Amino acid sequence: QHGIRQLHSILKAATQNQNSLRNVPTDEQEQIINVFESVVENAVAERKIVSGHPDQPLSASLDSQGLFGPCMGDEQYAALKVWEQMREVKLECHGRKTFPISLTYMSKLEYLDLTCNSIREIPDEIRRLASLKCLRLGENELSNLPPGIGKLKNLRALILENNLLTSIPPEI
């Protein structure tokens, strides 16, 4: 496993590539996602952040409460700040069964590709992705969509082919 210092280096390199994980190897992308899933889950479980807060980046939430030190080290916090600036994430065909909730803290995210996984549910927290322009969710196991997708005012493309959807929420 990569240490947080190595993950920070990977993320910094990604920011030099238009804030994209596109050229990060698949196994490293998965490790990055898993690390930040753990950070988010721990912070929510310890009530250091409120899971549903729609407007505040995770780092700001931790920082405003003076919690980034106790919750995570400086390297992890620095990596988290870089994470929040990512504009593009492509996790197609990764075998994911759940939507990574940590993605909903990527306030600058414009392009998200989760095509060809086994995701069954999209969390309503997706509404936090105010900058999102393209959301690719085709070839998953989605049977419904959350109303929060309708709050994505910059969304121009929503790809949903080959899912189990029987209806689209009126908010979309």
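Fair warning: this is a prediction, and the values are worked out from it, not measured in the lab.

## Let's talk about the overall build of the protein
What the protein contains, in helices and strands, is five helices and four strands. Overall, the protein shows an N-to-C arrangement of helices and strands of α-α-α-α-α-β-β-β-β. Put simply, the protein has 172 residues, and 46% of those count as buried. Taking contacts inside the protein between residues at least 6 apart in sequence as the whole, the part at least 24 apart equals 39%.

## Things to note about unusual backbone geometry
At cysteine 93, a residue that is not glycine, the phi angle is positive and equals roughly 55 degrees. Phi at cysteine 116 takes a positive value of approximately 65 degrees, unusual for a residue other than glycine. Its place among the elements puts cysteine 116 in the loop between strand 2 (111-113) and strand 3 (134-136). On the accessibility criterion, cysteine 116 (28% relative accessible area) is partly exposed.

## A closer look at the packing of aromatic side chains
Counted according to the given criterion, the structure contains zero aromatic pairs. Lying across the ring of tyrosine 105, arginine 128 places its NZ or CZ 4.2 Å from the centre.

## A few points about the sheet that holds strand 4 (residues 157-159)
Two pairing modes exist for strands in a sheet, parallel and antiparallel, and in both the strands are linked by backbone hydrogen bonds. Pairing within the open sheet is parallel, and its four strands lie in the order 1-2-3-4. Across the chains shown, the open sheet's two edge strands, defined by having one partner strand only, are strand 1 (88-90) and strand 4. Adjacent strand axes in the sheet meet at a mean angle of 5 degrees when their direction is disregarded. Bridge count between strand 2 and strand 3: three bridges; the pairing is parallel. When the bridges of strand 3 are listed, leucine 112 appears paired with leucine 135.

## Digging into the nonpolar core
A general feature of soluble globular proteins is that nonpolar side chains tend to end up buried together. Ranked by internal contacts, the top residues of the largest apolar core, which has 26 residues, are Phe99, Leu103, Leu112, Leu114, Ile126, Leu132 and Leu135. Here leucine 112 is in contact with Val89, Phe99, Leu103, Leu129, Leu132, Cys134, Leu135 and Arg136, once residues within four sequence places are set aside.

## Comments concerning the pattern of salt bridges
Tallying each qualifying case throughout the model produces four salt bridges. Its salt-bridge partner being aspartate 113, residue arginine 136 comes within 3.7 Å of it at the nearest N-O pair. Taken together, the residues span a long stretch of sequence, with arginine 136 in strand 3 and aspartate 113 in strand 2 at a distance of 23 residues. With a shortest N-O distance of 3.0 Å, arginine 120 and glutamate 141 are connected by a salt bridge. Of this pair, arginine 120 sits in the loop between strand 2 and strand 3 while glutamate 141 is found in the loop between strand 3 and strand 4, placing the two residues 21 residues apart along the sequence. Its relative accessible area of 56% is what places arginine 120 among the exposed residues. For glutamate 141, a relative accessible area of 28% translates into the label partly exposed.

What counts and what doesn't
- Residues numbered from 1 in each chain as written.
- Predicted model: local features only at pLDDT ≥ 70, side-chain atom pairs only at ≥ 80, totals over all residues.
- Heavy atoms only, no water.
- Helix = DSSP H or I, 4+ residues; strand = E, 2+ residues; numbered from the N terminus.
- Buried < 20%, exposed > 50% of the residue type's maximum accessible area, 1.4 Å probe, protein only.
- Contact = heavy atoms within 4.5 Å.
- Phe/Tyr/Trp six-rings, centres within 6.5 Å; stacked < 30°, edge-to-face > 60°.
- Lys NZ or Arg CZ within 6 Å of the ring centre and 35° of its normal.
- Pairing = 2+ DSSP bridges.
- Axes fitted to C-alpha atoms, helices over the stretch in contact; angles between N-to-C directions.
- Core = buried A, V, L, I, M, F, W, Y, C linked by side-chain atoms within 4.5 Å.
- Salt bridge = Lys/Arg side-chain N within 4 Å of Asp/Glu carboxyl O.

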